[in-house]
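Structural characterization, general
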Amino acid sequence: MDLYYVNNNLQTTGEHEVHKNGCNFMPSNKAELGMHSTCSSAVQKAKNIYPNVDGCKVCIPNCHTR
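Structural notes, computed from the coordinates. The structure displayed is predicted, hence computed values, not measured ones. (Residues numbered from 1 in each chain as written. Predicted model: local features only at pLDDT ≥ 70, side-chain atom pairs only at ≥ 80, totals over all residues. Heavy atoms only, no water.)

**Concerning the layout of surface pockets**
Put simply, the largest pocket is a space of about 190 Å³. Lining the largest pocket we find 13 residues, and of these Gln11, Glu17, Cys56, Lys57 and His64 sit closest to its centre. (1 Å grid on protein atoms, 1.4 Å probe; cavity = no way out; pocket = protein on both sides within 12 Å on 5 of 7 lines; lining within 4 Å. Points joined across faces, edges and corners; volume = space filled by probe spheres on them.)

**Focus on the pairing of strand E2 (residues 16-20)**
Within E2, four of the five residues are buried, which leaves the element mostly enclosed by the surrounding structure. Pairing between strand E1 (residues 2-7) and E2: three bridges, direction antiparallel. Residue pairing for E2: Tyr5 is matched across the bridge by His19. Looking at chain direction, E2 and strand E4 (residues 53-55) are connected through three bridges and run parallel. Paired with His16 across the two strands is Val53, which belongs to E4. (Buried < 20%, exposed > 50% of the residue type's maximum accessible area, 1.4 Å probe, protein only. Helix = DSSP H or I, 4+ residues; strand = E, 2+ residues; numbered from the N terminus. Pairing = 2+ DSSP bridges.)

**Points about the sheet that holds E2**
Pairing within the open sheet is mixed, and its four strands lie in the order E3-E1-E2-E4. Each edge of the open sheet is held by one strand with a lone partner, namely strand E3 (30-36) and E4. Shown here is a sheet whose adjacent strand axes are inclined to one another by a mean of 25°, direction ignored. Along the sheet, helix H1 (residues 39-46) contacts E1, E2, E3 and E4; its crossing angle with E3, the most-contacted strand, is approximately 140°. (Axes fitted to C-alpha atoms, helices over the stretch in contact; angles between N-to-C directions. Contact = heavy atoms within 4.5 Å.)

**Some points on the side chain of His19**
The residue His19 is located in strand E2 in this model. A polar contact of 3.2 Å, which involves the side chain of His19, links it to the side chain of Glu17. Discounting chain neighbours no more than four positions away, the residues touching His19 are Leu3, Tyr4, Tyr5, Phe25, Met26, Pro27, Cys56 and Cys59. (Polar contact = N/O pair within 3.5 Å; in protein donor to acceptor, adjacent residues only side chain to side chain.)

**What about the nonpolar core?**
Within the largest apolar cluster, 16 residues are counted, with the highest numbers of intra-cluster contacts made by Tyr4, Val6, Val18, Leu33, Ala46 and Ile60. Secondary structure elements with two or more residues in this core: E1, E3 and H1. Top element by residues in this core is H1. It accounts for four residues. In this structure Tyr4 touches Val18, His19, Lys20, Ala31, Glu32, Leu33, Gly34, His36, Thr38, Cys39, Ala42 and Ile60, once residues within four positions along its chain are discounted. (Core = buried A, V, L, I, M, F, W, Y, C linked by side-chain atoms within 4.5 Å.)

The quantities given are spatial measurements derived from coordinates; they are silent on function.
Encoded structure:
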């Protein structure tokens with residue numbers, strides 16, 4: 001299981017990005033999503049906070065859709 005965060009700031013493309021702990025692109029303004037066994041469950045939890053989210057293309061490419 002890994003610890004995930006969601007960026008509280010919008011990306012230039014209009015979504016809030018989800019990151020796995022240790023990502024080189026981890027934002028400073030973030031909300032903790034907790035421990036998850038998959039990136040898809042972390043993205044689902046982030047959607048409870050923000051309606052438009054996407055996974056980071058660097059740390060969780062399997063959940064990056066845009």
